[in-house]
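Listed here are the chains, written in short residue letters.
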Amino acid sequence: HSSPDESEDQDLISGFLRIVDKFFCALYWYFIILNSSGLGYPDFGSFDCVKDSSSVVEWAQSSEDNPHRPIDHQLSYETEWDMINAVSFRRKVHSHGDGGSNHANDRNKWAFSFNVCDLRSITVKCEGWSCITFRLKDGTALPAIHFHQGGSTAFLDSLRKLVQINESPDDENVLIVSTYSRAFSQSFENLLDDTNYGFVQVCDLQGGIILVTFHELSFDKFKKDPYTTTLGGFSKVTNYLFDAFRVPELEYHQRPAEEVADLLGEIIPGLEINQQEEPGFEVITRLDLGPRPEVQRRGPVAMEEWAKYQDSEGRITNVPHLKDVIFKGGLCHAVRREAWKFLLGYFPWNSTHEERKLLQKRKTDEYFRMKLQWKSVSEEQEKRNSRLRDYRSLIEKDVNRTDRNNKFYEGLDNPGLILLHDILMTYCMFDFDLGYVQGMSDLLSPILFVMENEVDAFWCFVSFMDEMHENFEEQMQGMKTQLVQLSTLLRLLALAFWNYLEAQDSGYLYFCFRWLLIRFKRELHFQDVLRLWEVMWTRLPCQNFHLLVCCAILDSEKQKIMDRKYGFNEILKHINELSMKLDIEEILIKSEAICMQIKNCKDLPHSVSEILGLNTVTEPSAALETSEYGILESPQTSPRSTHRQDHVISNGHSHLKESTHNGCKVAFIS
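Please read all numbers here as calculations on a predicted model, not as lab measurements. (Residues numbered from 1 in each chain as written. Predicted model: local features only at pLDDT ≥ 70, side-chain atom pairs only at ≥ 80, totals over all residues. Heavy atoms only, no water.)

**A closer look at unusual backbone geometry**
Operational definition: A run of H or I in DSSP counts as a helix once it spans at least four residues, and a run of E counts as a strand once it spans at least two, with each numbered from the N terminus. Relative accessibility under 20% of the residue-type maximum defines a buried residue, over 50% an exposed one, and the middle range a partly exposed one, all with a 1.4 Å probe and only protein chains included.
In this structure, the amide linkage connecting Leu-540 to the following residue, Pro-541, adopts the cis form with an omega of -5 degrees. By the secondary structure assignment, Pro-541 is in the loop between helix H19 (526–536) and helix H20 (545–563). Of note in the backbone geometry, Phe-520 takes a positive phi value of approximately 65 degrees without being a glycine. As for its placement among the helices and strands, Phe-520 is situated in the loop between helix H18 (513–517) and H19. At Met-580, a position not held by glycine, the phi torsion is positive, near 70 degrees. Tracing the chain through its elements places Met-580 in the loop between helix H21 (568–576) and helix H22 (584–599). Owing to a relative accessible area of 36%, Met-580 belongs among the partly exposed residues under this scheme.

Listed below in structure tokens is the structure:
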């Protein structure tokens, strides 16, 4: 009510009371938000999604009166699929770059929000209708909320799922809210919901006490190594129990190799560690790599510069040089929507404007046919399809946690979340064998953010998944291979540090697992992720450049880790806490410098050359062009590779292994 007095001429301020979950610092926090009508989270048609000054979009939904209304004229062929394409985008022009409202809303003063953990009590009165008053721990009493049309009971029931609410012994109208710890509990439940990790249960007790119970067989292992056991699910929970369960330094001892192998085997399902030395293992001795060269980066490629690389028909010219400048400086946000389609292989570099329009139309039809497959599954059918049910459940769970602090995905019933869900469900139809695995939503989110189009985002995501596919397979062969390769590179670059990690049972570099799995998505700020990915998609200056990015980060932290004599647990904790504290430009400079330093080494071990692709001999061709880094590329081919043929050829005293890759024949000399 506009006035606490029950005067007849007062205004009734209508609005919505919501409980919103936000993912901050590896915890789910809950907020109660009151929005007056017309504020906060309006319908799809008026939802403004502001990303930055270069790109302001408006969510739009097909009208019931005119379901085939074209929203984006450039993609008018999508109107044929409007029956299952409820959400689309359209540009909205604002007089201010930030996309904000040009006029103040007088009713905004009635809106409020607060963290549930700050709530002390709730007063409930009945005056012909229910009236609720929130009182915070600092003594603040918020304006009374009147439920003229009911709903107070449902709201309190929802709140009881998050916090413990008890009646006050002194006043039956007052409900006392216990100390908030539900977010902590839920984070553990989310982290350990897999059967492999179901050994811990966190309960809330009145008075703010947190009770942690363990299965009998798992307690000793958790007490010794809390990080080892809990970080198995992407390190979603910061180690709040580290200090409580930390074993004194005197109790640390060198673990047998068998114990470490068993430990990591439990953390990474499917990981089998061969404790015997591999046949043909290459011993890397300390090498003089020489001085690390200085590297300079440039500014991002702007729209005007991008246009200079296109001919009159839209073909991209001088592709190797263009990739060089993208690697050196990245892209302006306005260029990304078009350039990423080329970098990811969705558009061929030598395609014309007309060819790309035909390609998009064909890909749109293909996408919506796959989308219709799962959209048309009835509830009865889904009851008999456990695989589809499981995919849908996991996708819905992950989508609601993905980048919710980004304006593109924040808020209730955000259409961006609908698109994330639909694209991931359609990918399950595209790749039945893989389906959906936790973490894939992290890879899709930045692509959808840039593309602002469901179909384009899907096919760019498909291209990215071609590269990342092995990371998510059941045997996780891609992850195993990358961890071994990273260990080999680190042993070359920082032998003393590598030996130190070995002594601390950290030589398997498991603390880099999340970096590799989702390409630093959880380690960097969102805009920095965009920069890093587009740089890596150039495939310059060498193969597996992302491994050198890992080496660059570890190179910056190695002295601190060794000087402070961090042990197994402390190393995991320290690396985990680097999240959102990394400078992407510094990392890229150091990564490139490391690459150049390795290339200048004369006696480079064969294993290192093979990892970075420095020992390849490629047949020259008129269709191939050489970039600044000496990599032969064909503008005719996409970065995706789905077919590979190997032939072994005898050539005198050496052996050549010839592979057909991306249309180029590459001979590996051993």
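**A word on the packing of aromatic side chains**
Keep this limit in mind: Note on ring pairs: Phe, Tyr and Trp rings are taken, using the six-membered ring of Trp, and paired if centres are within 6.5 Å. Classes follow the plane angle, with under 30 degrees stacked, over 60 edge-to-face and the rest tilted. Distance and angle both matter: a charge sits over a ring if NZ of Lys or CZ of Arg is within 6 Å of the ring centre and within 35 degrees of the ring normal.
Tallied over the full model, the rule gives 23 aromatic pairs. Summarising the aromatic geometry, the rings of Phe-449 and Phe-526 are spaced 4.8 Å apart at their centres and angled 75 degrees between planes, so their arrangement reads as edge-to-face. With a gap of 77 residues between them, Phe-449 in helix H14 (residues 440–451) and Phe-526 in helix H19 connect regions that are remote in the sequence. Above the ring of Trp-459, the side-chain terminus of Lys-363 is found at 4.1 Å from the ring centroid. In this structure, Arg-491 packs its charged tip against the face of Trp-498, placed 5.1 Å from the ring centre.

**Some points on a negative patch on the surface**
Under the convention used in this document: Residues forming no salt bridge and having over 30% relative accessible area are the ones grouped into patches, like charges within 9 Å of each other and nonpolar side chains (Val, Leu, Ile, Met, Phe, Trp, Tyr) within 5 Å. Using a 1.4 Å probe, accessible areas were evaluated by the Shrake-Rupley method; residue-level cover was limited to the displayed protein chains. What makes a salt bridge here is a side-chain nitrogen of Lys or Arg within 4 Å of a carboxyl oxygen of Asp or Glu, nothing more. In this tally, Asp and Glu contribute negative charge and Lys and Arg positive charge; neither His nor the terminal groups of the chain are included. Positions of charges follow a simple convention, taking NZ of Lys, CZ of Arg, CG of Asp or CD of Glu.
Together, Glu-167, Asp-170, Asp-171 and Glu-172 line one region of the surface with negative charge. Residue position: Asp-171 is located in the loop between strand E10 (165–167) and strand E11 (174–177).

**Regarding the packing of H20 against H22**
Just so we agree on the cut-off: Interaxial angle, 0 to 180 degrees, is taken between N-to-C directions of lines fitted to C-alpha atoms, where a helix line uses only the stretch in contact. An angle counts as roughly parallel when it lies under 35 degrees, as roughly antiparallel when it exceeds 145, as roughly perpendicular when it falls between 65 and 115, and as oblique in every other case. Pairs of residues are marked as contacts when any of their non-hydrogen atoms sit within 4.5 Å. Gly is put with the polar residues, along with every residue not named as nonpolar or charged; the nonpolar set is Ala, Val, Leu, Ile, Met, Phe, Trp, Tyr, Cys and Pro, and the charged set is Asp, Glu, Lys and Arg.
Relative orientation of the contacting elements H20 and H22 amounts to 110 degrees, with a least axis distance of 8 Å. As judged from the angle between their axes, H20 and H22 are roughly perpendicular. Contact residues: Phe-545, Leu-548, Val-549, Cys-551, Ala-552, Ile-553, Asp-555 and Ser-556 in H20; Ile-587, Leu-588, Lys-590, Ser-591, Glu-592, Ile-594, Cys-595 and Ile-598 in H22. Looking at the contact of H20 with H22, its residues break down into 11 nonpolar, two polar and three charged.

**Some words on the sheet that holds E10**
Counted only if it meets this: Strands pair, by our definition, only if DSSP identifies at least two bridges between them.
As summarised here, the arrangement of the five strands in space is E9-E8-E7-E11-E10, forming an open sheet in which the pairing is antiparallel. Edge strands, defined here as strands with exactly one partner in the open sheet, are strand E9 (145–147) and E10. Each neighbouring strand pair of the sheet contributes to a mean axis angle of 25 degrees, computed without reference to strand direction. The pairing of E10 with E11 spans three bridges and is classified as antiparallel. Counterpart to Asn-166 in the pairing with E11 is Ile-176.

**Some thoughts on the environment of His-546**
Note that His-546 resides in helix H20. By relative accessible area, which is 6% here, His-546 ends up buried. Each C-alpha atom of the pair His-546 and Val-535 lies 9.9 Å from the other, and the pair is 11 residues apart in sequence. Filtering out sequence-adjacent residues up to four positions away, His-546 remains in contact with Gln-482, Leu-516, Arg-519, Phe-520 and Met-536.

**Some words on the side chain of His-146**
Our working rule: Whenever two N or O atoms come within 3.5 Å, that pair is a polar contact, provided that in protein one can donate a hydrogen and the other can accept it, and provided that, for residues adjacent in sequence, both atoms are side-chain atoms.
The residue His-146 is located in strand E9 in this model. Engagement of the side chain of His-146 in a polar contact is seen with the side chain of Trp-129, the distance being 3.0 Å. With residues up to four places along the chain from it excluded, the contact list for His-146 reads His-1, Glu-127, Trp-129, Ser-130 and Cys-131.

**Here we look at the packing of H19 against H22**
Basically, it comes down to this: Put simply, a crossing is left-handed when the front helix is turned counterclockwise from the back one by less than a right angle, and right-handed when it is turned clockwise.
Two elements in contact, H19 and H22, have axes whose closest approach is 10 Å; the angle formed by their N-to-C orientations is 20 degrees. Relative to H22, the element H19 lies roughly parallel. Once H19 is placed against H22, the crossing between them reads as right-handed. On the side of H19, the interface is formed by Asp-528, Arg-531, Leu-532 and Val-535, while H22 contributes Ile-584, Glu-585 and Leu-588.

**As for the pairing of strand E8 (residues 130–136)**
Sheet topology note: the strand E7 (residues 119–126)/E8 ladder contains seven bridges and is antiparallel. In the strand pairing of E8, Val-124 is matched with Ile-132. The hairpin turn running from E7 into E8, its antiparallel successor, is three residues long, and Gly-128 in that turn takes a positive phi close to 90 degrees. Note that E8 and E9 share three bridges and pair antiparallel.

**Here's the deal with the confidence of the model for the chain**
Which entries qualify depends on this criterion: The pLDDT value tells you how sure the predictor is about a given residue, anywhere from 0 up to 100.
On average, residues of the chain score 74 in pLDDT, and 61% of them are at 70 or above. In the predicted structure, residues 180–219 sits below a pLDDT of 50 and forms 84 contacts with residues beyond four places in sequence or in another chain.

**Some remarks on helix H12 (residues 386–399)**
Note the cut-off: One less than the number of residues in a helix, times 1.5 Å, gives the span that helix is expected to have. What the arc describes is the spread of directions from the helix axis to the C-beta atoms.
For H12, spanning 14 residues, the distance from its first C-alpha to its last is 20 Å, which sits close to the expected 20 Å at 1.5 Å a residue. Every buried residue of H12 is accounted for by Leu-388, Tyr-391, Arg-392, Ile-395, Asp-398 and Val-399. All buried residues of H12 lie within an arc of 140 degrees about the axis, which places them on one face of the element. Structurally, H12 contributes buried residues whose contacts are with helix H10 (353–375), helix H11 (379–383), helix H13 (415–430) and H14.

**A look at the pattern of salt bridges**
If you walk through the whole model with that rule in mind, you get 28 salt bridges. Among the ionic pairs, Asp-311 bridges to Arg-315, the shortest N-O distance being 3.8 Å. According to the relative accessible area criterion, Asp-311 is partly exposed, its value standing at 28%. Lys-328 is paired through a salt bridge with Glu-592; the nearest N and O atoms lie 2.6 Å apart. Of this pair, Lys-328 sits in helix H8 (residues 319–329) while Glu-592 sits in helix H22; the two residues are 264 residues apart in sequence, bridging distant segments of the chain. Residue class for Glu-592 comes out buried when judged on its relative accessible area of 1%. Through salt bridges with shared partners, a single network forms among Arg-297, Arg-336, Arg-531, Glu-534 and Glu-585.

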